[in-house]
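Here's the letter readout for the chains.
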Amino acid sequence: QVRLVESGGGLVQAGGSLRLSCAASGGIFVINAMGWYRQAPGKQRDMVATITSGGATNYADSVKGRFTISRDNAKNTVILRMNSLKPEDTAVYYCNADARSTPWTIPKNYWGQGTQVTVSS
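Residues numbered from 1 in each chain as written. Predicted model: local features only at pLDDT ≥ 70, side-chain atom pairs only at ≥ 80, totals over all residues. Heavy atoms only, no water.

### Thoughts on the overall build of the protein chain
Put simply, the rule reads: Numbering goes from the N terminus for both helices and strands, where a helix is a DSSP run of H or I of at least four residues and a strand is a run of E of at least two. Radius of gyration: C-alpha atoms only; globule rule: 2.2 Å multiplied by the number of residues to the exponent 0.38. Any two residues whose heavy atoms approach within 4.5 Å at even a single point are treated as in contact. Throughout, the Shrake-Rupley method with a 1.4 Å probe supplies accessible areas, and for residues the shown protein chains are the sole cover considered. Under the convention used here, Asp and Glu are negative, Lys and Arg are positive, and both His and the chain ends fall outside the count. Taken as the charge location is NZ of Lys, CZ of Arg, CG of Asp or CD of Glu.
Within the protein chain one finds 0 helices and 11 strands. The order of helices and strands in the protein chain, counted from the N terminus, is β-β-β-β-β-β-β-β-β-β-β. In terms of overall size, the protein chain behaves like a compact globule, its C-alpha atoms giving a radius of gyration of 14 Å where 121 residues would be expected to give roughly 14 Å. For the C-alpha atoms alone, the extent of the protein chain along its principal axes is close to 50 × 25 × 20 Å. Across the protein chain, every contact between residues at least 6 apart in sequence was considered, and the portion connecting residues at least 24 apart equals 55%. Taken as a whole, the protein chain presents about 6,300 Å² of accessible surface, with 50% of it coming from carbon and sulfur. Taking the average place of the 13 positive charges on the side chains of the protein chain and the average place of its 7 negative ones, the gap between the two points comes to 5 Å.

Okay, structure coming up:
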């Protein structure tokens, strides 16, 4: 079973920066795409940024130019650097990974427990 553990959330003033980290552990054969999603109170969970094992990235329009996603395949980690934060970025941020435990299993989707990011105005 793959386990995802996030860290790095917190409280920051508007215009500030935060760095989120997510480490995958457990029975991992290969991790395909990894990404970050966020969910604000009363809203659905939305994609923030994703990155493939080859390094191709995709960003939500609302964070383009401000957030950067990266990963270390050797360490099974994914990082989200967030700059120029706005109050509307306030949400619980979830790490996501599409991974296989063995060469014979189909990929499964895994989620971390979430980390709170609060941006004050």
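### Quick notes on the pattern of salt bridges
Side chains that differ in sign of charge can pair as their charged atoms come close. Filter applied, for reference: The term salt bridge refers to a pairing of a side-chain nitrogen on Lys or Arg with a carboxyl oxygen on Asp or Glu at a separation within 4 Å. Each residue gets one of three labels from its accessible area relative to the maximum for its type: buried under 20%, exposed over 50%, partly exposed in between, using a 1.4 Å probe on protein chains only.
The final tally for this structure, using the stated rule, is 3 salt bridges. Between Asp89 and Arg38 there is a salt bridge; the shortest N-O distance is 2.9 Å. You can see Asp89 sitting in the loop between strand E8 (77-82) and strand E9 (91-100) and its partner Arg38 sitting in strand E4 (residues 30-39), a full 51 residues away along the chain. Just as Asp89 is buried, Arg38 falls in that class too. The partner of Lys64 in a salt bridge is Asp61, and the shortest N-O contact between them spans 3.1 Å. A single salt-bridge network, built from bridges that share partners, covers Arg38, Arg66 and Asp89.

### Some thoughts on unusual backbone geometry
Non-glycine residue Asn76 carries a positive phi angle of around 55°. Relative to the assigned elements, Asn76 resides in the loop between strand E7 (67-72) and E8. The partly exposed category is assigned to Asn76, whose relative accessible area is 21%. Phi at Ser84 is positive, roughly 50°, even though this residue is not glycine. Take Ser84: it is sitting in the loop between E8 and E9.

### Let's talk about the sheet that holds E7
For clarity, the threshold we go by: The pairing criterion is simple: DSSP has to find at least two bridges between the two strands. Interaxial angle, 0 to 180 degrees, is taken between N-to-C directions of lines fitted to C-alpha atoms, where a helix line uses only the stretch in contact.
The strand order across the open sheet formed by 4 strands is E1-E3-E8-E7, and the pairing between neighbours is antiparallel. This sheet does not close on itself; its edge strands, each paired only once, are strand E1 (2-7) and E7. The mean inter-strand angle of the sheet, taken between neighbouring strand axes irrespective of direction, is 15°. As paired strands, E7 and E8 are joined by 6 bridges and run antiparallel to one another. Counterpart to Phe67 in the pairing with E8 is Met82.

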